[in-house]
Structures are given as C-alpha cells and as structure tokens.
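What the coordinates show
One letter stands for each residue in the lines below.
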Amino acid sequence: MTDPSNTGISGANTTFGGATHLECTRCGAMYESEVLHRLSPCCEKPLYPRYALDLIGGRLRRGDLAGRSADLWRYAELLPVRDPANAVRLGEGFTPMIDAPRLASRLGVAQCWVKDEGQNPTASFKARGLCMAISRAKELGVTEVGIPSAGNAGSATAAYAAAAGMTAHVVVPNDTPHPIIEEMRALGADVELLAGLITDCAARVAEGTRDHGWFDLSTLKEPYRVEGKKTMGYEVAEQLGWTLPDVIVYPTGGGTGLVGMWKAFDEMERLGWIGPERPRMVCVQAEGCAPMVRAFEQGTEYAEPWVDAHTYASGLRVPRAVGDFLILDALRSSGGAALAVSDDEMREWTRIVGADTGVFCAPEGAATAVATARLRQLGAIRPDDRVVLFNTGSGLKYVV
Ligand SMILES: *Cc1c(COP(=O)(O)O)cnc(C)c1O
C-alpha cells in the first residue's frame with residue numbers, strides 16, 4: 001500500500017495525489033494500486049480506487065477549487081493519476097450545466113438543467129472515463145490498448161491513445177453510426193467491425209488481450225474509467241453551489257457514470273463538502289435493451305443479460321453490465337427509479353429538447369427527458385423537484 005499521508009497536497013494549488021489502494025466493490029478486499037489490475041482477483045467484480053479522504057478534506061476546501069482549470073483535473077487530489085506529466089489532456093469535463101426553464105415548465109418541474117456532455121472531446125462523456133483510464137495506463141507502462149465499444153467509447157479511446165502515443169485497437173458492431181467509425185479512423189485507431197453486439201466485441205478484445213498483450217479498457221473491468229466519470233458528480237455539486245438536485249436522470253448502459261457519481265457523493269461527504277443528502281438516481285434504458293429496469297422491477301441483486309438487444313441509441317445497447325449490482329444498489333438506496341423508453345419517443349424528444357433548450361442531444365440524452373415526463377405523470381417526480389438531465393453526447397454523431 002502507498003503511504004496514505006502522501007496526499008501530495010500543497011496549499012490551494014492543484015496537486016496530484018493518487019489513490020492509497022484499490023478495493024473490491026463486492027467484499028472490500030484491498031489491493032495495491034501501483035500495479036495493473038482488472039477485475040478483483042477475489043470476486044471478479046469491479047475495483048474502486050480509494051483515497052485518504054480525511055487527510056485531503058482537512059487540507060483542501062471546496063472553495064480552493066475556484067480559479068482552477070476548467071476541466072476535470074480541477075479535482076486532481078481526488079483522481080488516481082500521480083504524476084501530472086501522465087495526465088493526457090484534451091479539455092475533458094467541466095461541461096456546462098444549462099438551466100432550461102422552458103423544458104422545466106413543459107415537464108412540470110420546478111427547475112431543470114441539462115448537463116451537456118456533448119461538449120466533451122469526441123463529443124460524448126466517454127472522454128472522461130477514457131481520459132483517466134489511458135492516463136493511468138500510461139503511468140503504469142501500458143503502450144497498447146484494446147476496447148469493445150458501442151461507438152463513443154471507441155472514439156474517446158482513439159483520441160486519448162493518440163494523445164498519449166499509444167496504439168489503440170477498437171472493436172465495434174458493424175452498424176455503429178458512420179460518423180463515429182470515421183472519427184475513430186481519423187484518430188489513428190485500428191478499427192475492427194463485427195457483426196454482433198458489444199458483448200461479441202468484448203470476446204474479440206479478450207483474444208487480443210490474450211494473444212497480443214493489449215490492455216483491455218472495458219467498462220468497470222479496469223479501475224480508472226469510473227474515476228473519470230465520477231467527476232460528473234463533483235461538477236453537479238460545484239456548479240449548483242455545493243447543493244445537489246432532487247433527481248438525476250441518467251441514460252444507463254454499463255452504468256459507469258451512475259455508480260461513479262454515487263461514489264463521488266460519498267467522497268464529498270467524507271471530505272466535508274456536502275452533507276448526507278443524496279439525489280434520487282433514475283436509470284433510463286431503451287425498451288429494446290433494459291436489463292437494469294427488469295432487475296430493478298424484479299427486486300434482484302444482479303441483472304440477467306438481455307437477449308436480442310436492439311435500439312438506435314447505441315450507448316444503451318449494452319445487454320450485460322459488470323457493475324449491475326452497484327447500479328441497482330445506487331437506485332434503491334437513493335429512492336430512485338428505473339424505466340425504459342422507446343426509440344420513437346427518443347426521436348420525438350430530441351426535437352423537443354432541442355427546440356426548448358438549444359442543445360442538439362444524443363438519443364440517450366433525449367431519453368432522460370422522456371423518462372422525466374413519464375415519472376411526473378406517475379408522481380415519482382414532483383412539481384417542486386429540481387432535476388438534472390444528462391445529455392451524454394452530441395446528436396451530430398447519430399446523423400446518418
Ligand atoms: C456509453 C453511453 C451511455 C451509457 O453510459 P454508461 O455510463 O456506460 O451507462 C449513454 N449515452 C451515450 C451517448 C453513451 O455513449
């Protein structure tokens with residue numbers, strides 16, 4: 001284990017710290033953070049980096065963040081990268097929280113913001129996770145990475161690998177939106193198209209890992225993508241003046257962002273930056289692929305894989321999530337909800353959200369507005385609620 005007193009903090013200036021250790025999300029077993037890990041050896045479940053939060057909280061006040069760089073590295077003390085030279089930076093994070101009063105009144109809620117993740121590098125929030133995973137992989141000596149993707153994770157990998165000087169192998173379904181395939185190629189990745197789903201692509205990447213020594217960046221199968229995505233939780237709090245909304249609506253595939261934000265809220269409470277309050281977390285999926293919704297409704301701890309997954313919202317076409325139990329736990333302990341929406345509703349609401357807010361959202365982003373409207377009708381979202389909708393990518397990537 002690394003010396004926990006070595007937090008790397010010096011005054012109010014941004015200082016890189018790093019985790020003290022990794023922890024199995026299933027059984028709590030601890031692992032050394034300075035060697036490459038994938039799933040926990042004990043339970044084959046995701047590993048979470050842990051930090052010396054009491055020490056960091058004692059020295060770093062939330063007000064110290066003002067004036068720092070307007071990207072996710074403003075939270076460097078709470079991130080796993082140790083040496084600033086290994087931070088691969090393309091302008092990721094600190095995306096705008098857009099106040100959307102006309103959408104709020106259409107939806108019948110007190111206030112509504114669109115967190116516009118389409119403004120990230122490669123136009124989706126996948127930039128956050130892949131930025132962190134590739135920065136850490138670089139720090140630990142990796143030179144060649146592989147990733148199965150529904151599309152956006154592939155282009156983020158291609159971009160950060162290019163910036164880091166690494167070789168990237170991306171395996172995507174052959175019906176991935178064309179702009180994304182062009183983008184990955186332009187960013188220098190080795191792109192392989194497969195007839196099948198992201199789960200089939202994962203099997204192909206596993207072969208590359210075994211036969212060619214690629215480091216596999218699959219969601220939650222390495223410990224650092226979630227650390228990039230958790231910064232959305234820090235940003236929501238900071239951008240709302242260190243309060244949290246009543247509801248966060250999140251389009252869920254692998255669920256990294258949802259569980260990442262849930263982790264961030266706990267960290268912020270330990271740091272003394274927020275209290276014990278939490279937003280209700282809402283998971284939105286597509287009717288053609290809704291394994292989390294089904295498991296939530298059935299009350300199970302894990303989710304069965306979804307057979308015959310189909311939806312044009314490629315980020316939601318994820319039949320099996322390795323972090324299923326973490327997603328379901330966050331939904332239940334927050335008093336949240338899970339629901340599925342149709343592709344037609346996503347198409348319709350892309351235009352409604354666009355005309356109400358000025359944001360051309362991805363279908364996954366539009367799904368959050370559909371879900372909010374439905375939950376208002378059902379009474380699970382109330383007229384006095386303040387709601388954050390995650391637009392996870394730009395609509396431009398889906399234009400065919
Ligand atoms: C990947 C993706 C999602 C799902 O994100 P997870 O954190 O894996 O649940 C949602 N929207 C878009 C645009 C995506 O690319």
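Residues numbered from 1 in each chain as written. Predicted model: local features only at pLDDT ≥ 70, side-chain atom pairs only at ≥ 80, totals over all residues. Heavy atoms only, no water.

Here we come to the environment of Thr176. For Thr176, the position within the fold is in the loop between strand E7 (167-173) and helix H5 (178-186). On the accessibility criterion, Thr176 (5% relative accessible area) is buried. Between the C-alpha atoms of Thr176 and Asn152, which are 24 residues apart in sequence, the distance is 9.3 Å. Residue contacts for Thr176: discarding those within four places in its chain leaves Ala150, Gly151 and Ile181. Only 2.6 Å separates the side chain of Thr176 from the backbone oxygen of Pro173, close enough to count as a polar contact. (Helix = DSSP H or I, 4+ residues; strand = E, 2+ residues; numbered from the N terminus. Buried < 20%, exposed > 50% of the residue type's maximum accessible area, 1.4 Å probe, protein only. Contact = heavy atoms within 4.5 Å. Polar contact = N/O pair within 3.5 Å; in protein donor to acceptor, adjacent residues only side chain to side chain.)

Attention shifts here to the confidence of the model for the protein chain. Close inspection of predicted coordinates is inappropriate for parts of the model with low pLDDT. Summing up the model confidence of the protein chain, the mean pLDDT is 94 and the portion of residues at 70 or higher is 96%. Note that residues 1-12 has pLDDT below 50 and, in this model, 31 contacts with residues that lie over four places away or in other chains. (pLDDT = per-residue confidence, 0-100.)

On to the pattern of salt bridges. As enumerated under the stated definition, the model contains 28 salt bridges in all. Its salt-bridge partner being Arg270, residue Asp54 comes within 3.3 Å of it at the nearest N-O pair. A residue pair is termed long-range when its members are at least 10 positions apart, and Asp54 in helix H1 (residues 53-59) and Arg270 in helix H8 (residues 256-271) qualify at 216 residues. A single salt-bridge network, built from bridges that share partners, covers Glu34, Arg82, Arg136 and Glu139. (Salt bridge = Lys/Arg side-chain N within 4 Å of Asp/Glu carboxyl O.)

There is a patch of nonpolar side chains on the surface, built from Phe360, Leu396 and Val399 and spanning about 300 Å² of accessible area. Mapped onto the elements, Phe360 comes out in the loop between helix H11 (343-357) and helix H12 (363-378). (Patch = residues over 30% accessible without salt bridge, like charges linked within 9 Å, V, L, I, M, F, W, Y side chains within 5 Å. Areas by Shrake-Rupley, 256 points an atom, 1.4 Å probe, with all protein chains shown as cover.)

What follows concerns the side chain of Lys126. Structurally, the position occupied by Lys126 is in helix H3 (residues 126-139). No salt bridge is formed by the buried Lys126; its nearest oppositely charged neighbour, Glu364, is found at 7.0 Å. With residues near it in sequence (within four places) discarded, Lys126 still touches Asn152, Ala153, Ala156, Arg225 and Lys229. (Lys, Arg positive; Asp, Glu negative; His and termini not counted.)

The next subject is the site of the ligand. The local shell around the ligand holds 16 residues, among which Lys126, Tyr250, Gly253, Gly255 and Thr392 are the closest. Gly254 has a polar backbone atom sitting 3.0 Å from an oxygen atom of the ligand. The separation between an oxygen atom of the ligand and a polar main-chain atom of Gly255 is 2.6 Å. When the ligand sits alone it has 380 Å² of accessible area, and the protein chains cover 96% of it. When atom positions are compared with the pocket grids, the ligand is found to occupy the largest pocket. Elements represented by at least two residues in the shell around the ligand include exactly strand E10 (247-251) and H8. The class makeup of the residues in the shell around the ligand is four nonpolar, nine polar and three charged. (Near = heavy atom within 4 Å. 1 Å grid on protein atoms, 1.4 Å probe; cavity = no way out; pocket = protein on both sides within 12 Å on 5 of 7 lines; lining within 4 Å. Sits in = over half its atoms within 2 Å of the grid points. Nonpolar A, V, L, I, M, F, W, Y, C, P; charged D, E, K, R; others polar.)

A few words now on the sheet that holds strand E9 (residues 215-216). One open sheet accounts for four strands, arranged E8-E7-E6-E9; its pairing is parallel. Two strands in the sheet have a free side with no partner beyond their single neighbour: strand E8 (190-194) and E9. Relative to E8, E7 runs parallel, the two sharing five bridges. From the neighbouring strand, His169 faces E8, where its bridge partner is Asp190. The strands touched by helix H4 (residues 152-164) within the sheet are strand E6 (144-148) and E7, with E6 carrying the most contacts at an inclination of about 170°. (Pairing = 2+ DSSP bridges. Axes fitted to C-alpha atoms, helices over the stretch in contact; angles between N-to-C directions.)

Moving on to the layout of surface pockets. By volume, the largest pocket is sized at about 560 Å³. Around the largest pocket sit 36 residues that line it, and Ile198, Thr219, Gly253, Gly254 and Val318 are the ones nearest its centre. At the level of secondary structure, the elements contributing two or more residues to the lining of the largest pocket comprise E6, H4, helix H6 (198-212), helix H7 (225-239) and E10. Examining the composition of the lining of the largest pocket, we find that three residues originate from one element, H6, more than from any other. Considering only residue class, the lining of the largest pocket consists of 15 nonpolar, 15 polar and six charged. Shared between two domains, the lining of the largest pocket holds at least three residues of each, these being domain 2 (97-122 + 225-398) and domain 3 (126-216). Taken as a whole, the second largest pocket holds about 290 Å³ of empty space. Secondary-structure elements contributing two or more residues to the lining of the second largest pocket are strand E3 (47-50), H8 and helix H10 (324-333). (Points joined across faces, edges and corners; volume = space filled by probe spheres on them. Domains from an automatic or database assignment.)

Taken in spatial order, the six strands make up an open sheet running E4-E5-E13-E10-E11-E12, and their pairing is mixed. The open sheet is flanked by strand E4 (97-99) and strand E12 (337-341), the only strands paired with a single partner. The sheet shows a mean angle of 25° between the axes of neighbouring strands, direction not considered. The strands touched by helix H9 (residues 291-298) are strand E11 (280-286) and E12; relative to E12, the strand with the most contacts, the crossing angle is about 135°.

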